[in-house]
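# Breakdown of the fold
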Amino acid sequence: METFGARLRTALDTRGPLCAGIDPHSSLLVEWGLDDDVAGLERFSYTVVEALADRVAVLKPQSAFFERFGSRGIAVLERTVADARSAGAVVIMDAKRGDIGSTVAAYADAYLDPASPLFSDALTASPYLGFGSLEPLYALAEKNGAGVFVLGLTSNPEGSQVQAAVGASGRSVAEEIVTAAAGRNAGAAPMGPIGVVVGGTVATPDFDLSRLNGAYLVPGIGAQGATAADVRRIFGAGARNVVPSSSREILRGGPSVAGLREAAARTVEELAAILD
Ligand SMILES: O=c1ccn([C@@H]2O[C@H](COP(=O)(O)O)[C@@H](O)[C@H]2O)c(=O)[nH]1
């Protein structure tokens, strides 16, 4: 079985360093001339998959925008994930799950078990009930060749209230998360299954990001104001295993398939120029 790290590395090498978000905001549905209903959600999501799943490295559906339509929205999410994976994209489910370990085990079954209709290549998760509370996700991800992206330094301005807090060790919460993830990834090649989210909008971290031996998912490119230059500022020129992520900026290229492809290609070009 190919590991998540190997699959992600190949996707980045062959398709370029971009994660395109599938975020069907009601305002975007309207911009695309669609109704803000399940039919609109379907058309929007399947168009993004048709346009991008055979060419961008990673697609990241944002679960919240599907959940708001209840079970019919989840059905659209299931097909979106399955079709995107069939077309060769690595799919990161952005659901930011987290709870006590016994409940996290059910989230693991929901997203990281190949028998589940929502099975994805990776899941975003919140480690703020403790990094170890997510252990069932790490274990099932490893078993099934999938990945987990834990929140480290999020792109929103409120994040630092928790993530920059310094504990008894003298290290910030975010540094502790990176350290813990690095411990779990030790020895894996080309990289381990535990990635960390570091927003492109954050202040330059004052600790070493290079020891993770896993991928960094970097949301905030485009609509939140982060640029390729920010990716270089945070990770250094030529950084590897960095997955910049942009949703609204690319989605505004729609509703045409050509417009979406053009927006994605432009973003990849900018990012590839500064990443390995
Ligand atoms: O720190 C984080 C973690 C996740 N996100 C998610 O990424 C996209 C960003 O969308 P844009 O339209 O490119 O702003 C969205 O799904 C967020 O939930 C994040 O922004 N920051």
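To be clear, the structure that these remarks concern was listed above.
A few points on the structure. A quick note: this is a predicted structure, and the numbers were derived from the prediction, not measured.

About the cut-offs
- Residues numbered from 1 in each chain as written.
- Predicted model: local features only at pLDDT ≥ 70, side-chain atom pairs only at ≥ 80, totals over all residues.
- Heavy atoms only, no water.
- Near = heavy atom within 4 Å.
- Polar contact = N/O pair within 3.5 Å; in protein donor to acceptor, adjacent residues only side chain to side chain.
- Areas by Shrake-Rupley, 256 points an atom, 1.4 Å probe, with all protein chains shown as cover.
- Nonpolar A, V, L, I, M, F, W, Y, C, P; charged D, E, K, R; others polar.
- Helix = DSSP H or I, 4+ residues; strand = E, 2+ residues; numbered from the N terminus.
- Expected span 1.5 Å × (residues − 1).
- Buried < 20%, exposed > 50% of the residue type's maximum accessible area, 1.4 Å probe, protein only.
- Arc of directions from axis to C-beta.
- Contact = heavy atoms within 4.5 Å.
- Phe/Tyr/Trp six-rings, centres within 6.5 Å; stacked < 30°, edge-to-face > 60°.
- Lys NZ or Arg CZ within 6 Å of the ring centre and 35° of its normal.
- Salt bridge = Lys/Arg side-chain N within 4 Å of Asp/Glu carboxyl O.

## Some points on the site of the ligand
The ligand sits among 15 residues. The nearest are Asp23, Ser155, Gln224, Ser247 and Arg248. At 2.9 Å from an oxygen atom of the ligand is found a side-chain nitrogen or oxygen belonging to Gln62. Take Ser247: an N or O atom from its main chain is 2.9 Å from an oxygen atom of the ligand. Protein contact buries 87% of the 460 Å² of open area that the ligand shows by itself. Residue composition of the shell around the ligand, by class: four nonpolar, six polar and five charged.

## Observations regarding helix α9 (residues 173-185)
The end-to-end C-alpha distance of α9, which contains 13 residues, comes to 18 Å, matching closely the 18 Å that a straight helix rising 1.5 Å per residue would cover. For α9, the set of buried residues is Ala174, Glu175, Ile177, Val178, Ala181, Ala182 and Asn185. In an axial view of α9, the angular spread of the buried residues amounts to 155°, which keeps them on one side of the axis. Tucked inside the fold, the buried residues of α9 contact β5 (147-153), α8 (160-163), β6 (194-198) and β7 (216-219).

## What about the packing of aromatic side chains?
All chains considered together, the criterion is met by four aromatic pairs. Ring geometry for Phe4 and Phe149: centres 6.0 Å apart, planes at 80°, overall edge-to-face. Taken together, the residues Phe4 in helix α1 (residues 4-15) and Phe149 in strand β5 connect sequence positions 145 residues apart. Here Phe4 matches Phe149 in class, with each residue buried. Between Tyr216 and Phe235, the ring centres sit 5.1 Å apart and the planes meet at 45°, which makes this aromatic pair tilted. Placement of Tyr216 in strand β7 and of Phe235 in helix α10 (residues 228-235) is noted, with a sequence separation of 19 residues between them. Pair check on accessibility: Tyr216 and Phe235 agree, each one buried. Between Arg79 and the ring centre of Tyr46, over which it is positioned, the NZ or CZ distance is 4.0 Å.

## Here's the deal with the environment of Ala203
Relative to the assigned elements, Ala203 resides in the loop between β6 and β7. Overall, the relative accessible area of 65% leaves Ala203 in the exposed class. The sequence separation of Ala203 and Arg233 amounts to 30 residues, and the corresponding C-alpha distance is 9.2 Å.

## Some points on the pattern of salt bridges
Inspection of the entire model under this criterion finds 15 salt bridges. In this structure, Asp54 engages Arg55 in a salt bridge whose closest nitrogen and oxygen atoms are separated by 2.9 Å. Judged by relative accessible area, which is 38%, Asp54 ranks as partly exposed. In this structure, Arg171 and Glu176 form a salt bridge, with 3.4 Å as the shortest nitrogen-oxygen distance. Exposure remark for Arg171: the relative accessible area of 31% places this residue in the partly exposed category. Each member of the salt-bridge network shares a partner with another, and the members are Arg7, Arg85 and Asp121.

Function cannot be read off these values alone, since they describe shape.
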